[in-house]
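# Topology and contacts: notes
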Amino acid sequence: MKLSQLLTANSQQMESSLVRELLHYSQQPDILSFAGGLPDEAYMPAFPNMESVADSRQYGPSEGEAVLREQVVATVAERGIQAGFDQTLITNGSQQGLDIVSRLILDSESMILTEQPTYLAAIQVFKLQGAQIQDVAADDEGMSVSVMRELIDKHQPKAVYLIPNFQNPAGHCYSLKRRQEIAALLDEKGILLIEDDPYRDLCFENVDRTPISSMLKTAPWIYMGSYSKVLWPGLRTGYLVSCADIAPYLVKLKQATDLHTNRLGQNLIASYLATGEFPAHLEKLQKVYKAKRDTMMLALDKYLGDLVQFEKPAGGMFVWLTLPEGVSSKKVLADALEQKVLILPGTPFYPNNSDAYDSNIRLSFARVPEDKLDHSIALLADVIKAQIS
């Protein structure tokens, strides 16, 4: 049997993740990496003493460790989402959450609406299920409600996928008014909301972060979170909280996917959260990343202020840069790497006709040491200016 006969049509069309392909460069000590959304390991807390961590040697429940699920329920309640214990599922990072949700609702007959641009790994997952992805124009307040309404009426999509807080890759944070408008539209049309919220705790300014899920009255919803950006990404621990009707189906898919998430990782996180040290840790992260963001802003203004366009993000990890006309993000990637600077082109963040969007790059300020940010941006600026001349 030929390989083409063995693989499904969706499998044959899978695209690799540029972030994952570039990750090995990020691990090299001489590379100054703006590419991945990697937290700074210098500010990760130590693991709890193993004597305080629950026994994790045996198989566990598919839904996740009870203590961690209870902590998640309390966390989302503080954000305005009232959900029961049975509506909470621990996943292998929020990426598995996207995979499970996609398996549940998407197939080759489905359409899903996303922001333009949007998280590249979400695009991968949705395409793997054969779904059509319709990206919707967004501004610094969020997805356009008028365009969203038009596309819902025209295509009757299965769901809308949003990252309202410090969006990946564009960095913007939805206004309260836009959140309310989107919630009202979803209630009116009965469309499922998939709300991805991994960056909300990395907040540097006084902006609204109310989950849109908490505003819905009748529309179905799934709210996703992660501990990867604020604790230990190597543990790959995230969570899904959903409306009551959907929750049992997510659990069944989790059972079929991997039985359960790594119990040791779950219990390490639960043990750390129980110490009460997490709020102070978040404050430290916010202070450190805000300083890095501000240093990057100054450097961009200093070396590229008249040539590129960018907005100052109110939180998160990313700055979305629009390059001068005629400058290719893919060529910037290649040329900058020769200078030991790693960036991520903007093209993978567009689900349709991505080559038409070769004028953006995403920069992450999280992992580069603050005292090297100015020099790194100076090197990047030389690469960009060389393409102009």
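Everything that follows concerns the structure shown earlier in this document.
An account of the accompanying structure is given in this report. Because the structure is predicted, anything quoted here is derived from the model rather than measured.

### Focus: the environment of asparagine 168
- The residue asparagine 168 is located in the loop between strand 6 (159-162) and helix 8 (176-189) in this model.
- Not counting residues up to four positions away in its chain, the partners in contact with asparagine 168 are Thr118, Tyr119, Ile163, Tyr199, Phe318, Phe349 and Arg362.
- Among the polar contacts made by the side chain of asparagine 168, one reaches the side chain of tyrosine 199 at a distance of 3.1 Å.

### Quick look at the sheet that holds strand 12 (residues 344-345)
- If you walk across this open sheet you meet the three strands as 10-13-12, and the pairing is antiparallel. In this open sheet, the two edge strands, each paired with only one partner strand, are strand 10 (318-322) and strand 12.

### Examining the environment of asparagine 206
- Turning to its location among the elements, asparagine 206 is positioned in the loop between strand 7 (192-196) and strand 8 (221-226).
- Spatially, the C-alpha atoms of asparagine 206 and glycine 315 are 9.8 Å apart, while their sequence positions differ by 109 residues.

### Remarks on the packing of helix 11 (residues 278-304) against helix 13 (residues 370-388)
- Two numbers describe how helix 11 lies on helix 13: the axes approach to 9 Å, and their chain directions differ by 30°. Every pair of crossing elements has a handedness; the one defined by helix 11 and helix 13 is right-handed. Note on element contacts: helix 13 touches helix 11 through Glu370, Leu373, Asp374, Ile377, Ala378, Ala381, Ile384 and Lys385, opposite Ala291, Lys292, Thr295, Met296, Ala299, Leu300, Lys302, Tyr303 and Leu304.
- A per-class count over the contact of helix 11 with helix 13 returns 11 nonpolar, one polar and five charged.

### Thoughts on the nonpolar core
- Judged by nonpolar contacts, the single largest core of 123 residues is most densely connected at Leu300 and Leu363.
- When residues of this core are assigned to their parent elements, the largest contribution, 10 residues, is made by helix 11.
- Leucine 300 has contacts with Gly305, Phe310, Val319, Leu321, Leu363 and Ile377, leaving out every residue within four places of it along the chain.

### Some words on the sheet that holds strand 2 (residues 88-91)
- Here we have eight strands laid out as an open sheet, ordered 2-9-8-7-6-3-4-5, and mixed in their pairing. Each of the sheet's edge strands pairs with one partner strand only, and the pair in question is strand 2 and strand 5 (142-143).
- Relative to strand 8, strand 7 runs parallel, the two being bridged by four bridges. Along strand 8, the bridge assignment pairs isoleucine 194 with isoleucine 222.
- Along the sheet face, helix 4 (residues 66-78) touches strand 2, strand 8 and strand 9 (238-242) and points at about 115° away from the line of strand 2.
- The strands that helix 7 (residues 145-155) touches are strand 3 (111-116), strand 4 (132-139), strand 5 and strand 6; relative to strand 4, the one it contacts most, it runs at about 160°.

Conventions adopted
Residues numbered from 1 in each chain as written. Predicted model: local features only at pLDDT ≥ 70, side-chain atom pairs only at ≥ 80, totals over all residues. Heavy atoms only, no water. Helix = DSSP H or I, 4+ residues; strand = E, 2+ residues; numbered from the N terminus. Contact = heavy atoms within 4.5 Å. Polar contact = N/O pair within 3.5 Å; in protein donor to acceptor, adjacent residues only side chain to side chain. Pairing = 2+ DSSP bridges. Axes fitted to C-alpha atoms, helices over the stretch in contact; angles between N-to-C directions. Left-handed = near helix turned anticlockwise from the far one by under 90°. Nonpolar A, V, L, I, M, F, W, Y, C, P; charged D, E, K, R; others polar. Core = buried A, V, L, I, M, F, W, Y, C linked by side-chain atoms within 4.5 Å. Buried < 20%, exposed > 50% of the residue type's maximum accessible area, 1.4 Å probe, protein only.

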